[in-house]
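So the chains spell out like this:
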Amino acid sequence: MKKILSFTDYYWPGYKAGGTIRAFMNQVEYLKHDFEFFIVTRNTDYTEETPYGEIGADQWVSISERVHVYYVSAPATRISLFNRLIRERDYDLVYIHLLFGFWYSFLPLLLAKFHHCREIIIAPHGVLGAGALGLKPMKKNLFLSFARITGLYNGTVFHSVTPHETEDIRKHIGKKTTIAEARELPRKASDPPKRNRKTAGCLNMVTVARIAPEKNQLFALEILGNISDHEIRYDLIGPVYDEVYWTRCQALIGELPPNIRVTYRGSINSELIPSELQSYDIMILTTTGENFGHTILESFMAGTPVIISDRTPWRDLERSGTGRDIPLSDRNGFREAIGFFASLGDAEFEKYSAKAFTFARNYITNPEMLAENINLFNRHV
């Protein structure tokens, strides 16, 4: 059985980093019967400094059969430790998540190449998309230029989850980059949802995402400020990543008309998100770019249609009856979509809810996705 050594900034029981954690956790859950995983990660969650109290740090912890995690504490974070972890077993491949961090991306890559590891796979998780590169662009573009000039990623394999991400990798890493496409595995199938009754003229909406410019909650709030003929409840779930941005959001929330009620619910453990989504009519995500969008799929699984931007892989939603995907340039389109779903009564809305769940169930049970991920790690069998 192949041994996979993986480096990732955050892992279970963390949940605040969102899709990156969720994607890898899902992958491990599906593939742990075919491969043995050794995962090196921080012993804190995203944006947190307090360690996981229930888990021992700086040692290998077996969290399930064939899944072992080394939770690195801040005092133990040294190059010598990472060097030892790479050398202590004869790993079949090294699987590195993201690109721009030092300890869990750049350093493991250098060490894996120095020790001539058999295969190195890089999972960028969408950081090469236009929306992600638009944040701190100078620093990121300098790094990418350095990587191309030095051949940093020569001899590695990039894990792409969509054809669009493949284009981004070739554009920013190099046209001759070796790329393996394997779609992200979703959370395992759930039972049919038990949703609340929908009232015509009212809409309960939610966004599940960190509070940050790339998630674009301010845009959604601006749209709501121009809706006066429906009662809208809008909840925000997720950690505050950018305090300045959150201050701007709060200022706008204070100016919204009385028919719009906004509540910030903070962070919620990702294991609870599917059941939480069932209590809402619509999940809205006006993101500037998503590599996959796990909360979108989880919303479908909850029988909750979505209103999203056109910057995700989930498209043609009106045709499938699962929601709307709208260009960010079309503010009126967002207002019309919110108004449309707000106007629906329970019987009409149930049709959309049922189609969302059926769509998710068909997607999740697609055996080709599992085969793609197994093949990702079995390239040289």
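Here is a short report on the structure shown in this document. (Residues numbered from 1 in each chain as written. Predicted model: local features only at pLDDT ≥ 70, side-chain atom pairs only at ≥ 80, totals over all residues. Heavy atoms only, no water.)

**Digging into the overall build of the protein**
Of regular secondary structure, the protein possesses 14 helices and 14 strands. Its C-alpha atoms give the protein a radius of gyration of 21 Å, within 12% of the compact-globule value 21 Å for 381 residues. C-alpha extents for the protein along the principal axes are approximately 65 × 45 × 40 Å. In the protein, which comprises 381 residues, the proportion classed as buried is 55%. Considering only contacts in the protein between residues 6 or more positions apart, those separated by 24 or more positions represent 72%. As presented, the protein carries roughly 17,000 Å² of accessible surface, and 51% of it is formed by carbon and sulfur atoms. (Helix = DSSP H or I, 4+ residues; strand = E, 2+ residues; numbered from the N terminus. Rg over C-alpha atoms; globule rule 2.2 N^0.38 Å. Buried < 20%, exposed > 50% of the residue type's maximum accessible area, 1.4 Å probe, protein only. Contact = heavy atoms within 4.5 Å. Areas by Shrake-Rupley, 256 points an atom, 1.4 Å probe, with all protein chains shown as cover.)

**Let's talk about the nonpolar core**
By size, the foremost hydrophobic cluster in this structure holds 54 residues, and its most contacted members are Phe 37, Tyr 95, Phe 300, Trp 314 and Phe 377. Counting residues per element, this core draws most heavily on helix α1 (residues 19–31), at six residues. If we skip the residues at most four places from it in the chain, Tyr 95 touches Ile 4, Leu 5, Ser 6, Phe 7, Phe 24, Gln 27, Ile 121, Ala 123, His 159, Leu 376 and Phe 377. Residues Phe 7, Leu 111, Leu 144 and Ile 173 belong to the second largest nonpolar core, which totals 35 residues. (Core = buried A, V, L, I, M, F, W, Y, C linked by side-chain atoms within 4.5 Å.)

**Points about the sheet that holds strand β10 (residues 231–237)**
Reading across from one edge, β11-β10-β9-β12-β13-β14 is the order of the six strands in this open sheet, with parallel pairing throughout. The open sheet terminates on both sides in strands that have one partner only, identified here as β11 (260–266) and β14 (323–326). Averaged over all pairs of adjacent strands, the angle between strand axes in this sheet comes to 20°, irrespective of strand direction. Sheet topology places β10 next to β11; six bridges connect them, and they run parallel. (Pairing = 2+ DSSP bridges. Axes fitted to C-alpha atoms, helices over the stretch in contact; angles between N-to-C directions.)

**Comments concerning helix α8 (residues 243–253)**
Among all positions in α8, only Tyr 245, Trp 246, Cys 249 and Leu 252 are buried. For α8, the buried positions fall inside an angular range of 120° around the axis, keeping them on one side. Turned more than 90 degrees off the buried face of α8, the exposed positions are Glu 243 and Val 244. Looking at the buried positions of α8, the neighbouring elements they touch are α7 (217–224), β10 and β11. (Arc of directions from axis to C-beta.)

**Focus on the pattern of salt bridges**
Applying the stated criterion across every chain yields a total of 26 salt bridges. One salt bridge connects Arg 187 with Glu 298, and the closest N-O pair in it is separated by 2.8 Å. In this pair, Arg 187 sits in the loop between β8 (178–181) and β9 (202–208) while Glu 298 sits in helix α10 (residues 294–301), placing the two residues 111 residues apart along the sequence. Here the two residues Arg 187 and Glu 298 agree in accessibility, since each one is buried. Residues participating in the shared-partner salt-bridge network are Arg 22, Arg 187, Glu 271 and Glu 298. (Salt bridge = Lys/Arg side-chain N within 4 Å of Asp/Glu carboxyl O.)

**Topic: unusual backbone geometry**
Pro 13 follows Trp 12 through a cis peptide bond whose omega is 5°. Relative to the assigned elements, Pro 13 resides in the loop between β1 (2–7) and α1. For Asp 316, which is not a glycine, the phi torsion comes out positive at approximately 55°. Here Asp 316 lies in the loop between β13 (306–309) and α11 (317–320).

**A look at the side chain of Thr 166**
With respect to the helices, strands and loops of the structure, Thr 166 is situated in helix α6 (residues 163–172). Within the structure, Thr 166 has its side chain in polar contact with the side chain of Glu 181 (distance 2.6 Å). With sequence-adjacent residues up to four places away left out, Thr 166 is seen in contact with Ser 160, Ile 179 and Glu 181. (Polar contact = N/O pair within 3.5 Å; in protein donor to acceptor, adjacent residues only side chain to side chain.)

**A few points about the side chain of Thr 287**
Looking at where Thr 287 falls in the secondary structure, it is placed in the loop between β12 (282–285) and α10. Look at Thr 287 and you get buried, because its relative accessible area is 0%. In terms of polar contacts, Thr 287 uses its side chain to reach the backbone amide nitrogen of Gly 289, at 2.9 Å. Setting aside chain neighbours within four positions, we find Thr 287 in contact with Glu 214, Lys 215, Asn 216, Ser 309, Arg 311, Thr 312 and Leu 328.

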